[in-house]
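Tertiary structure, described
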Amino acid sequence: MRAESVETVRRILCVFPRYTSAFGTFEYAYPLTDGVQAFMPPQGLLLIAAYLPENWPVRFIDENIHPATDEDFEWAEAVFVSGMHIQRRHMNDICRRAHAFDRPVAIGGPSVSACPDYYPSFDYLHVGELGDATDELIARLARDSSRPARQIVLKTADRLEMARFPIPAYELADLKRYFLGSIQYSSGCPYQCEFCDIPGLYGRNPRLKSPQQITAELDKMLECGIRGSVYFVDDNFIGNRKAALDLLPHLIEWQKKTGYVVRFSCEATLNIAKRPEILAGMREAFFSTIFCGIETPDPIALKAMHKDHNMMVPIMEAIRTINNYGMEVVSGIILGLDTDKPETGQHLLEFIEASQIPLLTINLLQALPKTPLWDRLARENRLIEDESRESNVDFRLPYEDVVRTWRDCMRSAFEPAKLLARYEHQIRHTYSNQIERPPSRQRASWQNVKLGLTMLRNIFWKVGVLGDYKIQFWKFALRRLGRGEIEYFISSMLVAHHLIVFARAASGGQQNASNYSIRLREASVPAE
Ligand code: SF4
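Keep in mind that this is a model prediction, so the values were computed, not measured.

Attention now moves to the site of the ligand. The immediate surroundings of the ligand are formed by Cys189, Tyr191, Cys193, Phe195, Cys196, Pro199, Asp235, Thr269, Lys307 and His309. Across the shell around the ligand, the residue classes tally to six nonpolar, two polar and two charged.

So, in structure tokens, the structure goes:
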């Protein structure tokens, strides 16, 4: 549904801020593609754009692709911004630029919802999800589009049911410029891991869209040019297991209808390994990757952070089970926990070797507001406000030791030979378990073939000829080509190249040790 129509027409400029360079944005893979410039289309802002009254013209700018221009700000009567903590500086910058044109600026999304005081310059703070605060914002702008004399904070008390969410305005975004498509089925998570702000922000009882909404969204994304992979950004895809089971037959049907032209990925807790019926459905719907917050292989640490559910199945066994259904596990890892010991880094590297997981997001612990961790560390007087640090946590181990361990782990885990060997393992033991997709004219389209050839050319030239890990690359490449594994070769190399380049910068001290760190570097993803 949309907001009710109002007589007054307002022109709204939605601006999504740049990301600071981060492990999880894959920007070093972009030059190997055919013009990808940004990570995922921002769900929240495109949702708000779709919700606005039908007669309100909307422009959407993702500053990861190109910056909003003076003409955009002049055109607009109000500016909407949304983003995460890591984009805070860029969000404040957009506000400053909009104010130069005397436009009122509203901010919504996860960062302002958790920390309204990060954003003193904005005219309107939209705290919480789509709901009565959104209607109030629209009503106020309809009445008066000048900047209010002082900041107005609007808090959602009555959330719009997800089953009534409109389809995000994908038609406003250039979906071909994104590395991944994104879609949301549920919001919230029943668990309460100590460091996580999801239950505090979105609740413990997952809210849901209907399966029909999801397939309609997928149809629209295809129409608007999405290709490759679509990521379910749900906090936990099995937060409501019955709902996941209800959705899967619809996804399978949709894949059959559209020729399996995209693959899916999602985030889920590791105890998904106890649910063969869900894993079997996901295999059939062509899920190829699950991001699991494994966090640490240390059971004492898991218990301390209230993540006991990771131990419902022994971790290695759970990973193998998921791999047996054709899905690669991507793992979140945290260093700097209170339970860490000097040998924790070595144990992590042994775990990586044993699990053969290629892609791990290794972060330093960061305390986020609205989490039990934040409350505990505040009580213990262990929160440090210092933007030059990699984390706001006063670790038990010496700070320099923890950061050095992180750098050493990044360097070792993503050495080209080791990483490509892990991909080799996945090709042999995981991807080989994926369903045999029937041939389809959509996948064999000239557009798709051209895309594949462009990526192959870029990979061979930029990594195989100009790159600096040629020996390892060619060993990997020749084996893939010899076995006709072209698709696996392209998908592995896109990610592997990013990891190798990023990890080198990280171990040399040029990247942040946490996706949440507010220590910002100059090397932001450029808006060109
Ligand atoms: S399982 Fe994941 S989403 Fe749920 S509380 Fe834990 S870390 Fe957060």
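The parallel open sheet is built from six strands, whose spatial order is S2-S1-S3-S4-S5-S6. Where the open sheet ends on each side, the last strands, each with one partner, are strand S2 (58–62) and strand S6 (152–155). Direction aside, the axes of adjacent strands within the sheet are offset by 20° on average. As paired elements, strand S1 (residues 12–16) and strand S3 (residues 78–82) share four bridges and run parallel to each other. If you follow cysteine 14 over to S3, its bridge partner there is phenylalanine 80.

Before going further, it helps to spend a moment on the packing of helix H14 (residues 399–413) against helix H18 (residues 486–507). Contact geometry for H14 and H18: axes closest at 8 Å, N-to-C directions at 150°. Here H14 lies roughly antiparallel to H18, going by the angle between them. As H14 packs across H18, the resulting crossing turns out to be left-handed. Along the contact surface, H14 presents Trp406, Arg407, Met410 and Arg411, while H18 presents Phe502, Ala503, Ala506 and Ser507.

Turning next to the nonpolar core. Generally speaking, a soluble globular protein has its nonpolar side chains buried in company with each other. Of all hydrophobic cores here, the largest spans 146 residues; its most connected members are Phe232 and Phe287. Ranked by residues supplied to this core, first place goes to H18 with eleven residues. Grouped together as the second largest cluster of nonpolar side chains are 27 residues, Leu13, Cys95, Ala98 and Tyr202 included.

Here we take up the confidence of the model for the protein. Across the protein, the average pLDDT comes to 93, with 96% of residues at 70 or higher. Under a pLDDT of 50 for its full length, residues 516–528 has, in the predicted model, 48 contacts with residues more than four places off or in other chains.

Let's shift gears to the packing of aromatic side chains. Following the criterion strictly, the structure yields 23 aromatic pairs and no others. Where phenylalanine 23 meets phenylalanine 414, the ring centres are 5.5 Å apart and the plane angle is 50°; that geometry is what we call tilted. In this pair, phenylalanine 23 sits in the loop between S1 and helix H1 (43–51) while phenylalanine 414 sits in the loop between H14 and helix H15 (416–429), placing the two residues 391 residues apart along the sequence. Through pairs of rings, three or more aromatic residues link up here, namely Phe232, Phe237, Trp254, Phe264 and Phe287. Seen from the ring of tryptophan 75, arginine 59 lies directly overhead, with NZ or CZ sitting 4.4 Å from the centre.

We now examine the pattern of salt bridges. The final tally for this structure, using the stated rule, is 39 salt bridges. Salt-bridge contacts for aspartate 93 lead to arginine 96; the nearest nitrogen and oxygen are separated by 2.6 Å. In this pair, aspartate 93 and arginine 96 are both assigned in helix H3 (residues 88–100), three residues apart and thus about one turn of the helix distant. Looking at aspartate 93, the relative accessible area reads 26%, which means it is partly exposed. Under the relative-accessibility criterion, arginine 96 is labelled exposed at 53%.

Let us now look at the sheet that holds strand S7 (residues 181–183). Pairing is parallel across the open sheet formed by six strands, whose spatial order is S7-S10-S11-S12-S13-S14. Sheet topology places S7 and strand S14 (360–364) at the edges, where each strand pairs with a single neighbour. When the angles between neighbouring strand axes are averaged without regard to direction, this sheet yields 20°. Here strand S11 (residues 262–267) runs beside strand S12 (residues 287–295); their pairing, made up of four bridges, is parallel. Of the residues in S12, the one forming a bridge with serine 265 is threonine 289.

Reading guide: rules and limits
- Residues numbered from 1 in each chain as written.
- Predicted model: local features only at pLDDT ≥ 70, side-chain atom pairs only at ≥ 80, totals over all residues.
- Heavy atoms only, no water.
- Near = heavy atom within 4 Å.
- Nonpolar A, V, L, I, M, F, W, Y, C, P; charged D, E, K, R; others polar.
- Pairing = 2+ DSSP bridges.
- Helix = DSSP H or I, 4+ residues; strand = E, 2+ residues; numbered from the N terminus.
- Axes fitted to C-alpha atoms, helices over the stretch in contact; angles between N-to-C directions.
- Parallel < 35°, antiparallel > 145°, perpendicular 65-115°, else oblique.
- Left-handed = near helix turned anticlockwise from the far one by under 90°.
- Contact = heavy atoms within 4.5 Å.
- Core = buried A, V, L, I, M, F, W, Y, C linked by side-chain atoms within 4.5 Å.
- Buried < 20%, exposed > 50% of the residue type's maximum accessible area, 1.4 Å probe, protein only.
- pLDDT = per-residue confidence, 0-100.
- Phe/Tyr/Trp six-rings, centres within 6.5 Å; stacked < 30°, edge-to-face > 60°.
- Lys NZ or Arg CZ within 6 Å of the ring centre and 35° of its normal.
- Salt bridge = Lys/Arg side-chain N within 4 Å of Asp/Glu carboxyl O.

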